[in-house]
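Residue-level structure breakdown
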Amino acid sequence: MFYLFMLPGLVWFFLFSYVPLYGIQVAFRDFQFSGGFSGSPWAGLKYFHQFFDYYQSSRLIRNTILISALKLLIGFMMPIILAVLLNEVRNVKFKKTVQTLSYLPYFVSWVVVVTLMQRLLAQYGGPVNNLLESIGMVKDPIQFLNNTSWFYQMILGSDIWKNIGWNSIIYIAAIAGIDQQQYEAAKIDGAGRFKQIWHVTLPGIRNIAVILFILATGSLMSAGYEQLLLLSGPATASIDSVLDVHVINAGLNEGRLSYAAAVGLFQSVIALVLILTVNRVARKVSDVSLF
Amino acid sequence: MWNKRRTLVSSALAVTLFGGLLAGCSDNGNGGNGGNAGTTGNAGNGGNKGNAEANGDNAASSNKPVTVKILHNWNGSSAGDVDMTPIAEAIKEKTGVTVQFDYTKGSEVEKVNTIFATQDLPDIYTGPAWGGELDGIVKAAKEDQLVDLAPYLDKYPNLAKEIDKENVPPALYDKAIGAFGDKKYLLYQNQPASDKDALDWLYGFYVRKDIAAKVGVDPQSVHTKDDLYNFLKKIKDAGLQENGLPVIPLGGFHAGWAVGIGNMMFYGSDYIDKGDGTLEHTFMSKQYEEYTLYYRKLISEGLLDQEAFTQTDPIANEKIKQGRIAVLAAHYPAILDASKDYVKAHPGSDYVPVGPLDRAGAEADRPADLAIQGNNVTVITKKNKNVDASLKLLDFLASDEGFKLVHYGIEGVHYDMVDGKPVAKKEMFDKFNADTTGKAKKNEGFGIGFESMSGLDRTVTLGGDIWADQDRIAAMDNARKILRPNGIKVISAYAAGDVLAKSPQYESLKPSMDQITTVWQQAIFTKSDAAALKVINELREQMNKTGYADAIKYVNENLKGKEVVTLQMPN
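Description of the structure in this document. Quick caveat, the model's predicted, so the values are computed rather than measured.

Definitions and limits used
Residues numbered from 1 in each chain as written. Chains lettered and ligands numbered in written order. Predicted model: local features only at pLDDT ≥ 70, side-chain atom pairs only at ≥ 80, totals over all residues. Heavy atoms only, no water. Phe/Tyr/Trp six-rings, centres within 6.5 Å; stacked < 30°, edge-to-face > 60°. Helix = DSSP H or I, 4+ residues; strand = E, 2+ residues; numbered from the N terminus. Buried < 20%, exposed > 50% of the residue type's maximum accessible area, 1.4 Å probe, protein only. Lys NZ or Arg CZ within 6 Å of the ring centre and 35° of its normal. Pairing = 2+ DSSP bridges. Axes fitted to C-alpha atoms, helices over the stretch in contact; angles between N-to-C directions. Contact = heavy atoms within 4.5 Å.

Quick notes on the packing of aromatic side chains
Within the structure shown, the criterion is met by 41 aromatic pairs over all chains. Taken together, a centroid distance of 4.2 Å and an interplanar angle of 5° make the contact between Y206 of chain B and Y332 of chain B stacked. Here the residue Y206 of chain B occupies a position in strand β5 (residues 203-208), and Y332 of chain B occupies one in helix α13 (residues 332-345), the gap between them amounting to 126 residues. The same class applies to Y206 of chain B as to Y332 of chain B, namely buried. Aromatic pair F309 of chain B and W520 of chain B: ring centres 5.9 Å apart, planes at 80°, arrangement edge-to-face. Pair noted here: F309 of chain B is in the loop between α11 (286-300) and α12 (313-321) and W520 of chain B is in helix α21 (residues 516-524), with a separation of 211 residues, a long-range link. Counting every residue linked through ring pairs, the aromatic cluster contains F266, Y267, F283, Y288, Y291, Y294, Y295, F309, W520 and F525 of chain B. We note K162 of chain A situated over the ring of Y106 of chain A; from NZ or CZ to the ring centre the distance is 5.6 Å. Above the ring of F266 of chain B, the side-chain terminus of K225 of chain B is found at 4.6 Å from the ring centroid.

Pasting the structure below:
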């Protein structure tokens, strides 16, 4: 019976993660409407060469890694901090309310999030600028969007706001699984709240954090196309052009499906290498690994 | 006992979940098939699908009811609130064809590429006759995705006329109509049937009359690029506000449309004469650099809307309705539509033409060079099982009767014939005019897609635009007088871009050339002139690396001795 429950999940993975692997061959073919995936003529590594010959390829890779790394380093810590803080809250009603409010944004689409940002952060007439001006924090309204000086803050801030609650669930569950006797023992030993967090809570969620970190490194070559597609613009093009958006534009807007598949495959191969490397390092350093 | 029940309930849940998953998957498949079944025609008639496919071509001759799915690939087009409009009903009566429109929301190029890549094809595709959209359709024709119409054209004279060599611009004919030997895949529509039908959209810069008065500038005194800059600067320096928000000197509509039209003050067309009789792409020229730096100045000094290139139409319209845009760059009908509400609430705030602006490379008395061509191509995809019925529909729409039906409506219901000319019925005219949403017209069947396929444009020949109100006609006439003091000249020469698209290097060059607009936008947002030129030069290098030199050589060789477009205004 246990295995029957797994079946829908396995079927899902098979249909949506393994079956599409068949399409990888398009990266090595000159895709034609009439030939499809398997009938188009072979093109070898032509599209990989095209990508590396493209004058912006290094910029695309650099921007992608930079944005992903920032999301990984900062965005990865935030759910842990939220989970630990929530664990320290004694008022159950308040705790539940914060928890619910924090993971609601996860269910809001990026289109809505970006529209909200455009409205709230508008340079003229936006509530945020109005507030800052009225309390005298700024003299002139700030252009938050389409501005290289504020680009990373906007990308990271919106990403954290949207995902922090949802990503903290697994840590909250891990914390809930920590034996309460450990806290009692720590108290008897004279540990205060901070010492308890440091010596009991954080070690208790260490394994799960390492595993999630290994998985997260897999997305280092993917900065998130929806958010970047919606928040990018000509003013920030030098730092916002990422591989994910390049793939979408090349494939759908320019009709270069083989090229887009080649760039996508390049991203995936690098992601696989990263996961294997980090997994190996993690196993050596902390004895925790995926496999 | 309890365990048994629990097991039973768990099993039921698991089976339900799995069943749901499979049903979900199979539903997708059926959805696609359903679409095809519906489009095969007789499914909607309760007929047997197999029979419908077998008898599809007989449907046309017998007016047997057929349903045809048409993708109207024009971003923003949409239907009204009713499925079957009176005009659609009249078309069905005439041809036996019920039309199901599907509309594009978003990029038209993306849509073309997606439908052929995924094979989620409509029966009929109709969409823009230019750019990546046309490239996608030509590629589809080359790769056997479309129905060859040549064997049918004898039976459908209105369609044959649409693609007569004399009715299609020469380079476009070579590229898209006559490029497949004896086969013909594309129909071409909305090109003027005669000179008087030539539609001038009156692209230009338009300023709010009240704002021009406030800053003390006569819009007709603005001629040079410096005049325009100074005019915008004056508006900015006046510190005007609407509802507590600053007025933006220059703005446009979605994704930057069409703030860049100031390019005509710097160069004549996309390809210019280098001075030695040979052509080069304007992007490679000094003039392009000057144009870029001019716009960079507008951006850096806050004269051009910072959101111009990232905004959507609703956001752009909101700004116009709030009265926040002083000068708009676009075609005049779009500006009149967008500003209608504001002007109604604030009499005297109409947008009026700026200029006429000087044109680079054109003598002062030269008529406006306009490429008044068709704007639409229509094809029948290989999925279509009712080719004859579809052609009968298209042929009817392209006939005079069909043209009048989709533009003027049903005689006696929407219009009457007075002295041999169609005149809108007053109640209909008032109803449409009072409705600012445009839904009232769409619910009758106007503006939902039929016009795109109505053959050669005969608007003036057959009676004029009967739905335009007097104020609008007067505004257009006034703008025409100001912006076209020397009249217009319809371009009939070869477009170098169409020839370049046939060069052997085009496949490798196209990805670089597709970046030109994006790179220009990036350049104008850079922090310095040097940085802007660096961005431009990087793409120039990439173009050279991907075969530009050989491609332009091919263009020059093939256009030797031919009349080539070197002066062209937006239209």
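Focus: the pairing of strand β14 (residues 376-380) of chain B
Residue and element names in this part refer to chain B. Counted residue by residue, β14 has 5 buried out of 5 residues, so it is predominantly covered. Alternating residues of β14 divide into N376, T378 and I380 and V377 and V379, and every residue in both groups is buried. Note that strand β3 (residues 124-128) and β14 share 5 bridges and pair antiparallel. For Y125, the partnering residue across the bridge sits in β14 and is V379. Pairing of strand β4 (residues 187-189) with β14, which is carried by 3 bridges, proceeds in the antiparallel orientation. Of the residues in β14, the one forming a bridge with Y188 is V377.

Observations regarding the sheet that holds strand β11 (residues 325-331) of chain B
Residues and elements named next belong to chain B. Reading across the sheet, the 4 strands line up as β8-β11-β5-β12 and stay open at both edges, with mixed pairing between neighbours. Across the chains shown, the open sheet's two edge strands, defined by having one partner strand only, are β8 (248-251) and β12 (351-353). Strand-to-strand, the axes of this sheet are offset by a mean angle of 25°, without reference to chain direction. Inspection of the sheet shows β5 paired to β12 by 3 bridges, in the antiparallel sense. Directly across from V207, in β12, lies its bridge partner V352. Its contacts with the sheet put α13 on β5, β11 and β12, and the angle it makes with β11 is roughly 145°.

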